[in-house]
Amino acid sequence: MKILHPIAILAIAIRAMATLACGLTLAASGAAAQISLTPRAAEPPPATGQPAAKPKAKPREVAKEPVRKPPPAPAVAPKPEPIPKPAAPTTATSTPDDPHVDLVYGAFQRGDYKATFDLATKRVQEKGDPKAMTMLGELYSNGFGVPRDTAKAIEWYRRACDAGDREAMFSLAMLRLAGQGGPDGGTEAAKLLASSVKLGSMKAAYNLALLYIDGQTLPQDLKRAAELLRQAADAGSPEAQYALATFYKDGNGVPKDIEKSVHLLQAAALGGNTDAEVEYAIALFNGTGTLQNRPAAVTLLRRAAKEGSPIAQNRLAWVLVNGQGAPMDKIEGLKWHLVAKTSGKGDPMLDEALGDLSPEDRAKAEAAARKWLGAK
């Protein structure tokens, strides 16, 4: 039994449909992929489940071959939030020999936002420190210790940008993409992201890549997008690693290379990207682009299932019900089937397997599913 495996075009921004092997079929649409299992040789294949819901706050790609059209939405940060919080870590690490900057960051880390505000303000007055300006922007942007005030946040971010702070450039770009600070936000955001990329920001590289994929704010350029994703991936961004894996899988902006794709999936999975965990598990299960290792694949599926991935829950249900890569455990497997169904990932063949259980075993599977769902 094998898993047919598509990889979504972007972890955050793009999803597509594709296949890699025969047996288990994975159809991707929206934020994640839907897999259905081909049972033993004499049985017919099941119907594909409904596609996952469209992700929020993700860019829409232009429908142009060979790139498939994803769900529409604007470009956003790797973990979509209207206003990310990038400044604090850089404040502490950019000038570690400066005790004043450490004091500002330390107060922020403790959640003592009043002290953070006072120390950052003093730092700006005494030294004109751009990191302290960015910190003040963060405080006003998020309403930490002060009333939320986007106008003041933008003012502080602009001052820090003028002083050359890459984190301020990134944060201001995110606000501009969100429609804050006046018209024509996309154009200014693209310029800010490009400046931040030149100063080494992997978050900016990832988001600028999304704009090049989107093809609205900037002309669509998959080759440039791939270059930016590579920068962010090399800097350790799991989202960029997963996104670049999809490029290598389909040959978008880079030569098609399944082994590189799987290598990037592995890195993204180790970095905690749940979609990558699922996709890398499928590659391991099939031995696609890597040595086959079904027990390791099942371990990854368990992890992703516990992290809430309906696709992983559905696939874990199949391997446990059929005893593929793990000892057969129909009660545990059908527990995960019932859990996946609550997210719309139903499977008629697993429903049949559930119906074949004895009343006692079915009650156990249903109780286990209720317990897991109640503990979330």
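The structure under discussion appears in the preceding block.
The text that follows walks through the structure, step by step, so that each part is easy to find. The model shown is predicted, which means the values in this text are computed figures rather than measured ones.

## Points about helix H14 (residues 310-322)
Note: α-helices contain 3.6 residues per turn, so residues at a spacing of three or four share the same orientation. Helix length check: H14, at 13 residues, gives a terminal C-alpha distance of 18 Å against a target of 18 Å (1.5 Å per residue), a fit within 8%. The buried count for H14 comes to twelve of 13 residues, which makes it a mostly enclosed element. Of all the residues in H14, the buried ones are Ile311, Ala312, Gln313, Asn314, Arg315, Leu316, Ala317, Trp318, Val319, Leu320, Val321 and Asn322. The first or second residue beyond H14 is Gly323, which carries a positive phi of 65 degrees.

## Some points on the pattern of salt bridges
Counting across every chain of the model gives 14 salt bridges. Here Lys203 and Glu167 are joined by a salt bridge, their closest N and O atoms 3.3 Å apart. Within this pair, whereas Lys203 is found in helix H8 (residues 202-214), its partner Glu167 is found in helix H6 (residues 166-177), the two being separated by 36 residues in sequence. With a relative accessible area of 23%, Lys203 lands in the partly exposed category. Owing to a relative accessible area of 2%, Glu167 belongs among the buried residues under this scheme. Glu366 is the salt-bridge partner of Arg362, the closest N and O atoms lying 2.9 Å from each other. A residue pair is termed a helical-turn pair when its members lie 3 or 4 positions apart in one helix, as Arg362 and Glu366 do in helix H17 (residues 359-375) at four residues.

## Focus on the packing of aromatic side chains
With the rule as written, the count across this model stands at five aromatic pairs. Aromatic side chains Tyr113 and Phe144 sit 4.7 Å apart centroid to centroid with 10 degrees between the ring planes, which places their arrangement in the stacked category. Remark: Phe144 occurs in the loop between helix H4 (130-142) and helix H5 (150-162) and Tyr113 occurs in helix H3 (residues 113-127); sequence separation between them is 31 residues. Assessed through its relative accessible area of 24%, Tyr113 is described here as partly exposed. Taken together, the ring pairs in this structure connect Phe108, Tyr113 and Phe144 into an aromatic cluster.

## Let's talk about the packing of helix H11 (residues 258-270) against helix H12 (residues 274-286)
Here H11 crosses H12 at 135 degrees, and the two axes come no closer than 8 Å. It follows that H11 is oblique to H12 by the angle criterion. As H11 packs across H12, the resulting crossing turns out to be left-handed. Contacts between H11 and H12 involve Val262, Leu265, Gln266, Ala268 and Ala269 on the former and, on the latter, Ala276, Glu277, Glu279, Tyr280 and Ala283. Tallied by class, the residues present in the contact of H11 with H12 amount to seven nonpolar, one polar and two charged.

## Side note on the environment of Ala326
Note that Ala326 resides in the loop between H14 and helix H15 (330-341). On a C-alpha basis, the gap between Ala326 and Ala296 in space is 9.7 Å, while along the polypeptide they are 30 residues apart. Those residues in contact with Ala326, other than ones at most four positions away along the chain, are Val298 and Leu320.

Calculation notes
- Residues numbered from 1 in each chain as written.
- Predicted model: local features only at pLDDT ≥ 70, side-chain atom pairs only at ≥ 80, totals over all residues.
- Heavy atoms only, no water.
- Helix = DSSP H or I, 4+ residues; strand = E, 2+ residues; numbered from the N terminus.
- Expected span 1.5 Å × (residues − 1).
- Buried < 20%, exposed > 50% of the residue type's maximum accessible area, 1.4 Å probe, protein only.
- Salt bridge = Lys/Arg side-chain N within 4 Å of Asp/Glu carboxyl O.
- Phe/Tyr/Trp six-rings, centres within 6.5 Å; stacked < 30°, edge-to-face > 60°.
- Axes fitted to C-alpha atoms, helices over the stretch in contact; angles between N-to-C directions.
- Parallel < 35°, antiparallel > 145°, perpendicular 65-115°, else oblique.
- Left-handed = near helix turned anticlockwise from the far one by under 90°.
- Contact = heavy atoms within 4.5 Å.
- Nonpolar A, V, L, I, M, F, W, Y, C, P; charged D, E, K, R; others polar.

Honestly, that's just the spatial picture; any functional story needs more than this.
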